[in-house]
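Letter by letter, the chains look like this.
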Amino acid sequence: TMSDTRRMLAEMADPLFAELGADATMDRDGARLEQLGLPALLMPEADGGFGGDWMDALTVFRLAGYHALAIDLPAMIVAKAAGEGTEAHFALMAFARTAQIAGALDAALALSVGYVNERQQFGRPLGKFQAVQQSLAGFACEAAAANCAAVGAAQALERGDAGFEIAAAKLRANRAVEVGTTVAHQVHGAIGFTQEYGLHPLTRRLWQWRSEYGNDAYWSKRLGTMVVDAGADSFWPGLTARTD
């Protein structure tokens, strides 16, 4: 369940990100983010920060993805937690992109479901056709998997050792992007590519985030190396011991 602090954070960030969206710029809108203290989300209160934890960061990163926020707020937040160019920074940015992907997939799914329930074809809504329902069900599974992976990585960060979970989460989210964007554009048809419609800012960001801070090949290799180094006998016990 969401804590009161996290709920308040979400209620503050959600309408602001919705307002700024894909057209936000640092020059025009950066001061509003600074005013709310969002870039200092992970800094301790004693140092003038927000005093948030990684689950709070997950909430903000997901909302930034959901609204395709053009300002890279997650990078601003992570920069205060780990020095750029370090392995820790790379891993934390991979987590941030995972959370953004999860949020953007949810938004693209919501748009797709709304569209097929309104759009009429052959005298009935597109959403009544079984093939469309099956495609969207597959999309929903991918979005749910990306969100679960992001939550698992955030929980691991709270425990302190998240190398395995971040690798698995980024890879899983990356793989969800292809299915999600393909289905979203299939059910929308031509309108999904138009400048005025809200789908393309999400799908463009999704493909961008998929390749940033480790693509499929990178994280597959990292995971494979971890498993091989630990040895076959350690794989299942090590996997089940990571979370309850």
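Structural data are supplied above this passage.
Described below are features of the structure shown in this document. Fair warning: this is a prediction, and the values are worked out from it, not measured in the lab. (Residues numbered from 1 in each chain as written. Predicted model: local features only at pLDDT ≥ 70, side-chain atom pairs only at ≥ 80, totals over all residues. Heavy atoms only, no water.)

## Description of the packing of helix H5 (residues 87–118) against helix H6 (residues 130–159)
In plain terms, the rule: Between N-to-C directions, angles span 0 to 180 degrees; the directions come from axes that are lines fitted to C-alpha atoms, helices contributing only their stretch in contact. Helix numbering and strand numbering both begin at the N terminus, where a helix is a DSSP run of H or I of at least 4 residues and a strand a DSSP run of E of at least 2. Angles below 35 degrees are treated as roughly parallel, those above 145 as roughly antiparallel, those between 65 and 115 as roughly perpendicular, and all remaining angles as oblique. In this scheme the handedness of a crossing depends on how the near helix is turned from the far one: anticlockwise by less than a right angle means left-handed, clockwise means right-handed. In what follows, residue pairs with any heavy atoms lying within 4.5 Å of each other are defined as contacts.
It is the contact of H5 with H6, at a shortest axis distance of 9 Å, that shows an interaxial angle of 155°. One finds that H5 runs roughly antiparallel with respect to H6. Of the two elements, H5 crosses H6, and the hand of that crossing is left-handed. On H6, the residues that touch Leu92, Phe95, Thr98, Ala99, Ala102, Leu105, Asp106, Ala108, Leu109, Ser112, Val113 and Val116 of H5 are Val132, Leu136, Phe139, Ala140, Ala143, Ala146, Asn147, Ala150, Ala153, Ala154 and Leu157.

## Remarks on the pattern of salt bridges
Applicable threshold: We define a salt bridge as a contact between a side-chain nitrogen of Lys or Arg and a carboxyl oxygen of Asp or Glu at a distance within 4 Å. Relative accessibility decides the category of a residue: with a 1.4 Å probe and only protein chains considered, values under 20% of the type maximum give buried, values over 50% give exposed, and everything between is partly exposed.
For the structure shown, the criterion picks out 14 salt bridges. Notably, a salt bridge pairs Arg97 with Asp72, separated by 2.8 Å at the nearest N-O pair. Taken together, the positions of Arg97 in helix H5 and Asp72 in the loop between helix H3 (54–66) and helix H4 (73–79) put the pair 25 residues apart, joining distant regions of the chain. Residue Arg172 is joined to Glu142 by a salt bridge in which the shortest nitrogen-to-oxygen separation is 3.0 Å. In this pair, Arg172 sits in helix H7 (residues 163–188) while Glu142 sits in helix H6, placing the two residues 30 residues apart along the sequence. Assessed through its relative accessible area of 15%, Glu142 is described here as buried. In this structure, a network of salt bridges that share partners links the residues Arg175, Glu178, Arg210 and Asp216.

## Considerations on a nonpolar patch on the surface
To be explicit about the condition: Residues qualify for a patch when their relative accessible area is over 30% and they have no salt bridge, like charges being joined within 9 Å and the nonpolar side chains of Val, Leu, Ile, Met, Phe, Trp and Tyr within 5 Å. To be clear on the numbers: accessible area is Shrake-Rupley with a 1.4 Å probe, and residue cover counts the displayed protein chains and nothing else.
Residues Phe235, Trp236 and Leu239 make up a contiguous nonpolar surface patch of roughly 310 Å² in combined accessible area. Relative to the elements of secondary structure, Leu239 occurs in helix H10 (residues 232–242).

## Here's the deal with helix H2 (residues 26–35)
Residues spaced three or four apart along an α-helix face the same direction, because each turn holds 3.6 residues. Heads up, the condition is: The arc under discussion is defined with respect to the helix axis, by the directions toward the C-beta atoms.
Buried within H2 we find Asp29, Gly30 and Leu33. For H2, the angular spread of buried residues about the axis comes to 120°, placing them on one side. Residues of H2 that are exposed and angled more than 90 degrees away from the buried face: Asp27, Arg28, Ala31 and Gln35. Check the buried side of H2 and you find it contacts helix H1 (4–20) and H4. Phi turns positive one or two residues past the end of H2, at Gly37, with a value near 80°.

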